[in-house]
Each structure stands twice: as C-alpha cells, then as structure tokens.
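Tertiary structure, described
What follows is each chain in one-letter form.
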Amino acid sequence: MNVLIVEDERTLARELSMFLHNHGFACTVARTAAEARWQLADTPFDFVLLDLGLPDDDGLQVLAEAKENELAAAVIILTARGAVQDRIGGLELGADDYLAKPFSLPELLARMHAITRRRFGLVKPLVTCGAFVLDLQARRLLYQNTEVSLSVKEFDILSYLVLNKNRVLTRLQLTEHVWGHLADSGFDSNFIDAHIKNLRKKLGAHAETEWLETVRGVGYKVRL
C-alpha cells in the first residue's frame, strides 16, 4: 500500500519510512504542508500519516482541504499536541485515528492493519482465495497450512487485489498502489503482467486460480 508521511522531523520521518517499507508499504515523505498538498493532488495514497505541527501551516488545515477534495486515503494524525480539542478536531474533520508522540511503531502498524480491515469490511486478517488462505497481517499465503513462497511485490499485488475483491483494478492502479512514486519513472503495463504471470505459475502448482481473472484491455480482478 502507498503511504504519505507528512512529518517535518527528519529522523522520525526516516524511521517511519524504513519501518513501514520493511512491512511492505511504499512510502513518500512530505516535510511541509505545501509538499503534502502537492503530493495529495498528484498521487492516490492509501494512508496519510499526518503531523499537525508543520513549519508552514497547521496539519488540521491540510486535512480539512484534503477532505474537501474528497480524499479517499485513511488518515492517522501523529502529533506531540496533547490537547483533547486537537484530537477531537482531527477526528471531526475525518481522520481515522490519532496517536500522540512519542508512540510505538508496532502500535502504529497494528492501527493501520485495523483501519484496513474496517475499510475493506474484514473481520479477521485471513481471506480465503479458492484453495488458498491469505494472511494480510503476517504477509503469508498458505495452501493446506503450507506457505507458498511469493516475492514481496507478488504478495503486494495479490493482497491489493484481494482487498478490492470483485473490483477491476487497472495496471496503472496496481502500479501506483504497490510501487508508489516509482510509477512516475516510467509506467509499463508489462511489468504488472509479468508479476501476475509469476503469481499464477506459483499458485497453479498447488491449485486452480480461476478466481484471479484478467479483464482484457483493462487490468485484473480477484473474484471471491
């Protein structure tokens, strides 16, 4: 998933980016409100981690403007402000959660997983795909309790399709949400096709994959 980290403290921004990258997220960092506005206008993110104390504007103003522009991303406010009114203000503007600094990175990850489950209507992080079970939290694909070896990006593509089950995703959508801004360096639909081909080969060695559909001329869909 594609995450925008809006944080002017360089050390924390780097720690967040490295931690989330190691857990399968594509991360972009904005250190000012102006950068955040530009990124939000340019890229469809899945999560926004938003600091309120930005050097050039209040993070709540950035959130308010983004919501007016129909921001679809989940928003978690990260701030040193302890006032209850700040927390209430962020939640009333549409933030999904709030963490006061300093916070635990594993707790942040757990809250992101919980928000993802709620947004996609999942009670548990386990999703059955034909004869397979996808564990979104542990980042594992199982066949009869045996793990199927997938690359990081193969898992990312499959999990994003599963989260958007029964919905057609274009190759560009998959690229943006799995690779983030790397898509800007030169979009090539064959790149996604190659990963889907490898996925089908690995899964097909265990069971049929009719639920992973190609929508000709558009993209791919997981039918569950």
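Residues numbered from 1 in each chain as written. Predicted model: local features only at pLDDT ≥ 70, side-chain atom pairs only at ≥ 80, totals over all residues. Heavy atoms only, no water.

**Some remarks on the UniProt feature "modified residue: 4-aspartylphosphate" (unreviewed entry) in the protein**
Applied cut-off: UniProt positions are given in the numbering used here, feature names are shortened, and annotations may be inferred rather than shown by experiment. Secondary structure elements follow DSSP: runs of H or I of four or more residues count as helices, runs of E of two or more count as strands, with numbering from the N terminus. Throughout, exposure labels follow a simple rule: accessible area from a 1.4 Å probe, protein chains only, divided by the maximum for the residue type, with under 20% read as buried, over 50% as exposed, and the rest as partly exposed. Throughout, a residue-residue contact means that at least one pair of heavy atoms, one from each residue, lies within 4.5 Å.
Taking the numbering used here, the UniProt-annotated feature "modified residue: 4-aspartylphosphate" (unreviewed entry) corresponds to Asp51. With respect to the helices and strands, the residue Asp51 is situated in strand β3 (residues 47-51). Among the residues examined, Asp51 registers a relative accessible area of 4% and is labelled buried. Setting aside residues no more than four positions away along its own chain, Asp51 makes contact with Val6, Glu7, Asp8, Gly59, Leu78, Thr79 and Lys101.

**Considering the packing of aromatic side chains**
For the record, the criterion: The criterion for an aromatic pair is that two Phe, Tyr or Trp rings (for Trp, the six-membered ring) have centres within 6.5 Å, with stacked assigned to planes under 30 degrees apart, edge-to-face to planes over 60 apart and tilted to the rest.
By the definition in use, this model includes two aromatic pairs. An angle of 45° between the planes, with centres 5.5 Å apart, marks the rings of Phe132 and Tyr143 as tilted. With Phe132 in strand β7 (residues 132-135) and Tyr143 in strand β8 (residues 140-143), this residue pair connects regions lying eleven residues apart in the sequence. As far as burial versus exposure is concerned, Phe132 and Tyr143 are alike and both buried. Through pairs of rings, three or more aromatic residues link up here, namely Phe132, Tyr143 and Trp211.

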